[in-house]
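Each chain is listed here by its residues.
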Amino acid sequence: MGATVPATTKATIRFNLIIVDRALCVVQPYLPQARGVDSPTFAIKDNTAAEGLFPIFDQVFRDMWERSKPV
């Protein structure tokens, strides 16, 4: 997975996902009726000691990345 290579996908992206490293991601939901500043942004830390949101968004990113095509 080369996170620095631009890529496209035909899937509708419902979240902006930035995987910062293996312990932090930044997530912003796509809200078509809201301006960017009105859409909340979440910084989610991985807590391997408990289930949480990080593994879910990490898997979403990985699944989309695997289906993407290099630009």
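Position labels on residues start from 1 in each chain and follow its written sequence. Totals for whole chains, interfaces and linings use every residue, but because this is a predicted model, local features are given only for residues with pLDDT of at least 70 and side-chain atom pairs only at 80 or more, for both listing and counting. Computation of side-chain values: all heavy atoms of the structure, hydrogens and water removed.

Concerning the side chain of Ser 39
Step number 1: Secondary structure elements are taken from DSSP: a helix is a run of H or I of four residues or more, a strand is a run of E of two residues or more, and numbering for both begins at the N terminus. The topology assignment puts Ser 39 in the loop between strand 3 (24-29) and strand 4 (42-45).
Step number 2: For Ser 39, a relative accessible area of 7% translates into the label buried.
Step number 3: Contacts described as polar in this section are N or O atom pairs within 3.5 Å, which, within protein, must combine one atom able to donate a hydrogen with one able to accept it, while residues neighboring in sequence count only if both atoms come from side chains. At 2.8 Å, the side chain of Ser 39 forms a polar contact with the backbone oxygen of Pro 29.
Step number 4: In contact with Ser 39, not counting residues within four places along its chain, are Gln 28, Pro 29 and Leu 31. Think of it in three bands: with a 1.4 Å probe and only protein chains considered, a residue is buried below 20% of the maximum accessible area for its type, exposed above 50%, and partly exposed in between. In what follows, residue pairs with any heavy atoms lying within 4.5 Å of each other are defined as contacts.

Observations regarding the environment of Asp 63
Step number 1: With respect to the helices, strands and loops of the structure, Asp 63 is situated in helix 1 (residues 53-67).
Step number 2: Residues Asp 63 and Val 5, 58 residues apart in the sequence, show an inter-C-alpha distance of 16 Å.

What to know about the sheet that holds strand 2 (residues 15-21)
Step number 1: Read across the sheet, 3 strands follow the order 2-3-4 without closing on themselves; strand pairing throughout is antiparallel. Edge strands, defined here as strands with exactly one partner in the open sheet, are strand 2 and strand 4. On average, adjacent strands in this sheet sit at an angle of 20° to one another, irrespective of strand direction.
Step number 2: By the convention used here, strands pair only if DSSP detects at least 2 bridges between them. In the sheet, strand 3 pairs with strand 4 via 4 bridges, with the strands oriented antiparallel. Note on strand 4: the bridge partner recorded for Val 27 is Phe 42.
Step number 3: On the sheet, helix 1 packs against strand 2, strand 3 and strand 4 and is oriented at approximately 105° with respect to strand 2. For helices, the axis comes from a line fit to the C-alpha atoms of the stretch in contact; other axes are also lines fit to C-alpha atoms, and the angle between any two N-to-C directions lies between 0 and 180 degrees.

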